[in-house]
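Listed here are the chains, written in short residue letters.
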Amino acid sequence: MAIYDPKSRKAEEFINDGEILETLAYAEANKDNAELIDQILEKARPRKTADGTVCAGLTHKEASVLLACELPDKIQKIYEIAEEIKLAFYGNRIVIFAPLYLSNYCVNGCVYCPYHLKNKCIPRKKLTQEEVRKEVIALQDMGHKRLAIEAGEDPVNNPIEYILECINTIYSVHHKNGDIRRVNVNIAATTVENYRKLKDAGIGTYILFQETYHKKSYLELHPTGPKHDYDYHTEAMDRAMDGGIDDVGLGVLFGLELYKYEFAGLIMHAEHLEAVHGVGPHTISVPRLKRADDINPDDFDNGIDDDTFAKITACIRLAVPYTGIIISTRETEKVRGRLLNCGVSQVSGGSRTSVGGYAEEERPHDTEQFDVSDQRSLDEVVRWLMENGHIPSFCTACYREGRTGDRFMSLCKSGQILNCCHPNALMTLTEYLVDYASPETKEVGFRMIEEELGRIPKEKVRDIAKQNIEDIRNSNRRDFRF
Ligand code: SAM
């Protein structure tokens, strides 16, 4: 039997079934232990030190107790602290991105995904470089600066060379004032050599969802294809880091297995990365299983309701305070609005999940990966965020300034975000407003920028930001950043 060891490089040792089961039993036994829960909450709270604000985070055991807790006043506290942490490290900024589907060819048999090999009804499509250009122009015309590229796993149709060519094309398109400044990549687990190639191509975060940490279920849910190999999949982030990628994004597809098991596995994965590589995950995504071409979520037993979903998100926020949390358009406006107050720091907007979907006038459904619940335009999402007190940020400065991995974490911890990320968000929001926004969004946005400029602590930084914002409004100069 495998023994739990967060420092091990073996999947079954750092995501250890025995340790997860023990954790769940401990959490269940202590779910009403108010004294212990208060201690855990106290530990999770951000505190000010001479070097800035710091947060201890929580172990998978501590965080699992909070997730199991059913005491209403303590749950309320979890939400309050989640918001406190979000404000301390990310301010009221929300980073915006869009997925770009390159190809739905796939050789895997994932039973929850419509791209599975046996689905003969879904039309298979792979973008040519000319089509990639068209998609990127459509995305730039919406105002996007940051993409997450998505593809099925198919060594013949979507080899790494194809993915690299697409990344190159994406970065090369500059339409009007448009620019894609960060390409995150969500493709199947691969080799160290291929991760190095992705790093050299200038990617931002490498994202790979674990889908489920429960090995037995994993093997059943991925019955055929290379993704069937649980260990290879689970150890992918270590290979990515060996290949030089220090921003990696974790995620679980909620609905496949019992959520408490997944949650413990997710936090253990984060602890493992910290223990081995000295840096935790850059982001965690929280997708829920959705209806899609030949997929019916009701066929899966472990769906979670909105309250549980919000609680999971808030507990993630407490456990890993320096990790961004991403919510996609799989969720409705209502759920997204609620989760924004539970610690989410990134949202997608105006998304289309079909291959070639952005260049089409009407939203196409035939090649979609899942039904999009929030179908609002990017302009509507941006306005909605601002009306609810969040600053939509199109900033990509950190990674372009080399602030990735532990250097990003230090910025987060140093309390300098108000002098760095905040003005960057305001400057990139100005670009969006000037180049792409509707008149109503412009009005709300410029009012917000005026107010938010006053919150930049350092006078010199504030003056530079003001000057840059003036320049963006009155000229074609773009891409200012701290
Ligand atoms: N093919 C790549 C891989 O194997 O990891 C990743 C790309 S896939 C396009 C992105 C993610 O979509 C998957 O990791 C999965 O979690 C999610 N997904 C698949 N089917 C889904 C569904 N029916 N509803 C919601 N999300 C789904």
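*Asks:* Even after reading the chapter, I still don't get the site of the ligand, so can you show me in this structure?
*Replies:* Around the ligand sit 19 residues in total, of which Tyr112, Ala151, Glu211, Lys290 and Arg330 are the nearest. Against a free-state accessible area of 580 Å², the protein chains account for coverage of 96% of the ligand. Broken down by class, the residue content of the shell around the ligand amounts to ten nonpolar, three polar and six charged.

*Asks:* I would appreciate a short explanation of the packing of helix 3 (residues 34-44) against helix 5 (residues 72-90) in the present structure.
*Replies:* Each pair of packed helices can be summarised by the angle the axes make with each other and by the distance between the axes. It is at 10 Å that the axes of helix 3 and helix 5 come closest, and there the two elements cross at 5°. If you check the angle between helix 3 and helix 5, you find them roughly parallel. Residues Ala34, Ile37, Asp38, Leu41 and Ala44 of helix 3 touch helix 5, and the partners they reach there are Lys74, Lys77, Ile78, Ile81 and Ile85. When its residues are assigned to classes, the contact of helix 3 with helix 5 shows seven nonpolar, no polar and three charged.

*Asks:* Is there a simple way to explain helix 20 (residues 459-474) in this structure?
*Replies:* In an α-helix, one full turn covers 3.6 residues, which means residues spaced three or four apart are oriented alike. Between its first and last C-alpha, helix 20 extends 23 Å over 16 residues, near the 22 Å set by a 1.5 Å rise per residue. All buried positions along helix 20 are accounted for by Val461, Ala465, Asn468, Ile469, Asp471 and Ile472. Down the axis of helix 20, the smallest arc covering the buried residues is 160°, so these residues share one side. Residues of helix 20 that are exposed and point more than 90 degrees away from the buried face comprise Glu459, Lys460 and Asn474. Packed against the buried residues of helix 20 are helix 18 (421-435) and helix 19 (439-453).

*Asks:* Mind showing me how you'd approach the side chain of arginine 93 here?
*Replies:* When you line up the elements, arginine 93 lands in strand 3 (residues 93-103). No salt bridge is formed by the buried arginine 93; its nearest oppositely charged neighbour, glutamate 452, is found at 7.6 Å. When near neighbours in sequence (up to four residues on either side) are disregarded, arginine 93 contacts Lys86, Ser345, Ile391, Ser393, Ile417, Cys421, His422 and Ala425.

*Asks:* How should I be thinking about the environment of aspartate 73 in this particular structure?
*Replies:* As for its position among the elements, aspartate 73 is in helix 5. Exposure remark for aspartate 73: the relative accessible area of 46% places this residue in the partly exposed category. Between the C-alpha atoms of aspartate 73 and alanine 34, which are 39 residues apart in sequence, the distance is 9.9 Å.

*Asks:* Just checking my understanding: could you explain unusual backbone geometry for this structure?
*Replies:* Glycine aside, the phi torsion of most residues is negative, and most peptide linkages are trans. You will see that glutamate 211, though not glycine, has its phi angle at about 70°, which is positive. In this structure, glutamate 211 sits in the loop between strand 6 (203-207) and helix 9 (215-221). Within the chain, aspartate 479 stands out as a residue other than glycine whose phi angle is a positive 65°. Of note, aspartate 479 is situated in the segment after helix 20.

*Asks:* Please clarify how helix 2 (residues 17-29) should be interpreted in this entry.
*Replies:* Compared with an ideal rise of 1.5 Å per residue, which puts 13 residues at 18 Å, helix 2 spans 18 Å between its outermost C-alpha atoms and is within 8% of the ideal. Turning to helix 2, its buried residues number three or more, namely Glu19, Ile20, Thr23 and Ala27. Viewed end-on, helix 2 has its buried residues packed into an arc of 100°, placing them on one side of the element. Each element contacted by the buried residues of helix 2 is listed here: helix 4 (60-68) and helix 12 (259-277).

Reading the values: rules and limits
Here the residue numbering is sequential within each chain, running from 1 through the sequence in written order. Owing to the predicted nature of the model, reporting of local features is limited to residues with pLDDT of at least 70; listing and counting of side-chain atom pairs is limited to 80 or more, with chain, interface and lining totals taken over all residues. To obtain the side-chain values, all non-hydrogen atoms of the structure were used and water was disregarded. Near residues are defined by distance, with any heavy atom within 4 Å of the molecule or strand qualifying the residue. Here, Shrake-Rupley sampling with a 1.4 Å probe gives the accessible areas, and only protein chains in the shown set may cover a residue. Put simply, Ala, Val, Leu, Ile, Met, Phe, Trp, Tyr, Cys and Pro go in the nonpolar bin, Asp, Glu, Lys and Arg in the charged bin, and everything else, Gly too, in the polar bin. For every element, the axis is a line fit to its C-alpha atoms; helices are fit only across the contacting stretch, and the angle between N-to-C directions ranges from 0 to 180 degrees. Numbering goes from the N terminus for both helices and strands, where a helix is a DSSP run of H or I of at least four residues and a strand is a run of E of at least two. What sets the label is the angle itself: under 35 degrees gives roughly parallel, over 145 gives roughly antiparallel, 65 to 115 gives roughly perpendicular, and the rest give oblique. Pairs of residues are marked as contacts when any of their non-hydrogen atoms sit within 4.5 Å. For a helix, the expected span equals 1.5 Å multiplied by the number of residues minus one. Relative accessibility decides the category of a residue: with a 1.4 Å probe and only protein chains considered, values under 20% of the type maximum give buried, values over 50% give exposed, and everything between is partly exposed. Note that the arc is defined by the directions from the helix axis to the C-beta atoms. Positive: Lys, Arg. Negative: Asp, Glu. His and the chain ends are not part of the count. In the sections that follow, a salt bridge refers to a side-chain nitrogen of Lys or Arg positioned within 4 Å of a carboxyl oxygen of Asp or Glu.

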